[in-house]
Amino acid sequence: MTFSTTYEPPFAFARRMSTLDHLTRGRVGWNIVTSYLPNAARNFGLDDQIPHDRRYQLADEYLHVLYKLWEGSWDDDAVVLDRASGAATEPSKVRYVNHVGPAHRVAGPHLVHPSPQRTPVLFQATGSPAGSAFAGRHAEVLFTGGRTTEQFQAVKRSVLDAAVAQGRGQDAVRFVVQAGVIVGRTQEEAEDKWRTYQQHASLDGILAHQGLPVDLTAFPRDLTVAQALARSGTSPDAVRLPLDRTVGEVLEQIRTGRQERFFVVGTPRVVADEIERWLDVDGIDGINLRQYHSFGTARDFAELVVPELRRRGRLPEAGAEPGTLRERVFGHPRLPAEHVGARYRGGAHLEAPYEPVPEAVPAGV
Ligand SMILES: Cc1cc2nc3c(=O)[nH]c(=O)nc-3n(C[C@H](O)[C@H](O)[C@H](O)COP(=O)(O)O)c2cc1C
């Protein structure tokens, strides 16, 4: 699930996630976002949004508070449940975290006994330098875009470099791209669906949802995006759009939802061939389905594509892989020892003052 680090303090969130991890037997993943919509700030008592890179700086402290609670507050053998003595826990193995930082003060202890994963699998969606630096420190699974193979691989490289610079392994992060998959029992049926979806798409609706800082529809279609941004006085850094394309081309791409690379329309076999190429040639680890139709997109995928991927050994059979979400993705249930969150295990480092990360991202990260 997605939850923002910007507006609600970490203590109650830590408790909720631990409860969910118990309830789901360790199947919880958290998509860390910092909230990009200005309106959100005005719903939480602020006049305006906190600047983008500052939000990631704040998110770093937020994560450290959570790690202290999830990883450091209870030892593995703190729960004794001894009927004879009436002891539920061994108090010497449960501790206060006493976090004091610029944005948060949290004494602890964590209110929930250790759940199967402790820290939920950490997902993140980013394409920005500050977000990628944050991902190198924290993320285990990254949602990323990628109009082209090269674009996807550049993001993957920069995040893996940032992870390795933090002492994490070369395969510490898995990469999930958003993919458009339109499938039918025949090629004709699939293309027919694609035409129908396009007929119902609303460009205004999609633009409103994206919340771009500039209204592209106000410019002549033959201007490049770079020219339109210059005319409106918008910094090219404020949008992630192909600057060399024309406004018309970009609006058409936004309207149709058609990606250049991670997009396929066809029969289960055509779709599975393409997904195998994304996995083997582009080097992705998974896909996040773009939803064209609620809930037709997911149903079509489950009914038509999943059996084909299972036949090819690309997906396990139902029920063949029990265990926690992290075990399914990485083969181990807990954060690895070299992840920053693991440093608080056993109560280590809880006394050390929290050092904020720099707000500005060093060049080249
Ligand atoms: C599956 C998914 C769910 C998302 N949900 C939210 C959300 O609820 N709130 C939000 O602010 N951003 C959400 N995002 C968008 C990310 O915050 C967005 O990609 C943002 O651009 C990431 O920050 P950055 O690229 O500026 O670093 C979501 C992204 C994905 C892939």
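Reading the values: rules and limits
Residues numbered from 1 in each chain as written. Predicted model: local features only at pLDDT ≥ 70, side-chain atom pairs only at ≥ 80, totals over all residues. Heavy atoms only, no water. Phe/Tyr/Trp six-rings, centres within 6.5 Å; stacked < 30°, edge-to-face > 60°. Helix = DSSP H or I, 4+ residues; strand = E, 2+ residues; numbered from the N terminus. Buried < 20%, exposed > 50% of the residue type's maximum accessible area, 1.4 Å probe, protein only. Lys NZ or Arg CZ within 6 Å of the ring centre and 35° of its normal. Near = heavy atom within 4 Å. Polar contact = N/O pair within 3.5 Å; in protein donor to acceptor, adjacent residues only side chain to side chain. Areas by Shrake-Rupley, 256 points an atom, 1.4 Å probe, with all protein chains shown as cover. Nonpolar A, V, L, I, M, F, W, Y, C, P; charged D, E, K, R; others polar. Contact = heavy atoms within 4.5 Å. 1 Å grid on protein atoms, 1.4 Å probe; cavity = no way out; pocket = protein on both sides within 12 Å on 5 of 7 lines; lining within 4 Å. Points joined across faces, edges and corners; volume = space filled by probe spheres on them. Salt bridge = Lys/Arg side-chain N within 4 Å of Asp/Glu carboxyl O.

### So, the packing of aromatic side chains
The geometry of an aromatic ring pair is captured by two quantities: the separation of the ring centres and the angle between the planes.
Part 1: If you walk through the whole model with that rule in mind, you get 13 aromatic pairs.
Part 2: Considering the side-chain rings of Tyr-56 and Phe-134, the 5.6 Å spacing of their centres and the 50° angle between planes classify their relative orientation as tilted. Pair noted here: Tyr-56 is in helix α3 (residues 52-72) and Phe-134 is in helix α4 (residues 129-138), with a separation of 78 residues, a long-range link.
Part 3: When its relative accessible area of 1% is taken as the criterion, Phe-134 is described as buried.
Part 4: Here a set of aromatic residues connected by ring pairs shows up, and it is made of Phe-3, Phe-13, Trp-30 and Trp-70.
Part 5: Geometry around Tyr-344 places Arg-343 over its ring, the cationic atom sitting 5.4 Å from the centre.

### Considering the site of the ligand
Part 1: Taken together, 15 residues are adjacent to the ligand, and His-52, Tyr-56, Thr-126, Ser-128 and Arg-240 come closest.
Part 2: Residue His-52 places a side-chain N or O atom 2.6 Å away from an oxygen atom belonging to the ligand.
Part 3: Contact distances for the ligand include 2.5 Å between an oxygen atom and a side-chain N or O atom of Ser-128.
Part 4: Here the ligand loses 66% of its free accessible area of 620 Å² to cover by the protein chains.
Part 5: The residue makeup of the shell around the ligand, split by class, is 5 nonpolar, 9 polar and 1 charged.

### Overview of the side chain of Ser-132
Part 1: Tracing the backbone shows Ser-132 in helix α4.
Part 2: Judged by its relative accessible area of 4%, Ser-132 falls in the buried class.
Part 3: Excluding its chain neighbours within four sequence positions, the residues that come into contact with Ser-132 are Thr-126, Gly-127, Ser-158, Val-159 and Ala-162.

### Considering empty space enclosed by the protein
Part 1: In this structure the tally under the stated criterion is 2 cavities of 30 Å³ or more.
Part 2: Within this model, the largest cavity holds a volume of roughly 50 Å³.
Part 3: Around the largest cavity sit Val-181, Ile-182, Val-183, Lys-193, Tyr-197, Thr-297, Asp-300 and Phe-301, which together line it.
Part 4: Elements represented by at least two residues in the lining of the largest cavity include exactly β9 (174-183), α6 (187-200) and α11 (296-311).
Part 5: Across the lining of the largest cavity, the residue classes tally to 5 nonpolar, 1 polar and 2 charged.
Part 6: Surrounding the second largest cavity, Ser-18, Leu-69, Trp-70, Trp-74, His-110, Val-112, His-113, Pro-114, Ser-115 and Arg-118 form its lining.
Part 7: Residue composition of the lining of the second largest cavity, by class: 5 nonpolar, 4 polar and 1 charged.

### Notes on the pattern of salt bridges
Part 1: As enumerated under the stated definition, the model contains 24 salt bridges in all.
Part 2: Between Glu-8 and Arg-16 there is a salt bridge, with its nearest N and O atoms 3.9 Å apart.
Part 3: Owing to a relative accessible area of 30%, Glu-8 belongs among the partly exposed residues under this scheme.
Part 4: Arg-334 serves as the salt-bridge partner of Asp-76, at 3.4 Å between the closest nitrogen and oxygen. Here Asp-76, found in the loop between α3 and β3 (79-82), pairs with Arg-334, found in the segment after α12 (325-330); they are 258 residues apart in sequence, far enough to count as distant.
Part 5: For Asp-76, a relative accessible area of 58% gives the class exposed.
Part 6: Overlapping salt bridges bring together Asp-273, Glu-276, Asp-280, Glu-308, Arg-311, Arg-312 and Arg-314 as one network.

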